Amino acid sequence: METVADPPGPEPPAAPTRRRWKAWAGAGVASALLGVLALVLAVTGSDTAPSSSTAGGERAPGFRLSDVRDESAVVSLDDFGGRPVVLNFWASWCVPCRKEMPALQSASEDAQDRIAFVGINHQDSRRDAVAFLDETGVRFPSGYDPEGRTASAYGLYGMPTTVFISPDGRILDRHRGEISEAELERKVERLLRPPP
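As the structure is a prediction and not an experimental result, all values here were calculated from the model.

Analysis parameters
Residues numbered from 1 in each chain as written. Predicted model: local features only at pLDDT ≥ 70, side-chain atom pairs only at ≥ 80, totals over all residues. Heavy atoms only, no water. Salt bridge = Lys/Arg side-chain N within 4 Å of Asp/Glu carboxyl O. Helix = DSSP H or I, 4+ residues; strand = E, 2+ residues; numbered from the N terminus. Buried < 20%, exposed > 50% of the residue type's maximum accessible area, 1.4 Å probe, protein only. Disulfide = S-S within 2.5 Å. Pairing = 2+ DSSP bridges.

A.B. asks: I tried to follow the pattern of salt bridges on my own but got confused; where do I start?
C.D. replies: A full pass over the atoms with the stated rule returns eleven salt bridges. Linking Glu 58 and Arg 174 is a salt bridge whose minimum nitrogen-to-oxygen distance equals 3.2 Å. One end of the pair, Glu 58, is in the loop between strand 1 (51-54) and strand 2 (64-66); the other, Arg 174, is in strand 8 (residues 171-176), with 116 residues separating them in the sequence. Taking the relative accessible area as the measure of exposure, Glu 58 reaches 33% and is therefore partly exposed.

A.B. asks: I tried to follow the state of the cysteines on my own but got confused; where do I start?
C.D. replies: Such a bond, covalent and formed between the sulfur atoms of two cysteines, is termed a disulfide. All chains considered together, the criterion is met by one disulfide. Between Cys 94 and Cys 97 runs a disulfide, and the two sulfur atoms are separated by 2.3 Å. Because the torsion about its S-S bond is 85°, the bridge between Cys 94 and Cys 97 counts as right-handed. Of the two residues, Cys 94 and Cys 97, neither departs from the other in class, the shared state being buried.

A.B. asks: Help me out: how do you make sense of the pairing of strand 7 (residues 161-165) in this one?
C.D. replies: Looking along a regular strand, one sees side chains alternate from face to face of the sheet. The element strand 7 is extensively covered by neighbouring structure, given that five of its five residues are classed as buried. Alignment of strand 4 (residues 85-90) against strand 7, held across five bridges, turns out to be antiparallel. Bridging across to strand 7, Asn 88 finds its partner in Thr 162. In the sheet, strand 7 pairs with strand 8 via five bridges, with the strands oriented antiparallel. Paired with Phe 164 across the bridge in strand 8 is Asp 173. Here strand 7 folds back onto strand 8, and the loop between the two strands holds five residues, one of which, Gly 169, carries a positive phi near 85°.

Here it is in structure tokens:
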């Protein structure tokens, strides 16, 4: 009786070559570096240098958020219609946010009712956010946005970011990073200028 051998099965995969190992290791290192960079940006929350950009006049996305200090109160962009708005995105864990707050509070006092200053607390705990406002002496309204949806709607990354909105609700300018007192003053003057 003739025996028939089973058909050969698939050959076992060849052991990775030295070149393959180097490629995998290189990809792993690159992936790890990108992860570290993402973590650093998330923790610092801002770029190394402030930057300013003139926006194209797109409509500012609306929002309705509970007030940081008073959960029963609402902070909404609609409440400031007809006035220019300086909208500042901040967080208690953001060091540049803390540095710029005195300039923002001072400018809000100088502007009185001509310009609305509004804060958006981004991805924070309410307790830390309230402590931050108390420590920096900020008295203008701030909405509480623990999930960061408002910043996403504005297409922002990095804290702090300040958005300058015209009386008709259009974005005139954005400033990413800590804003200086002089820069804030220039941008506020532009907001108060009558349209051409």
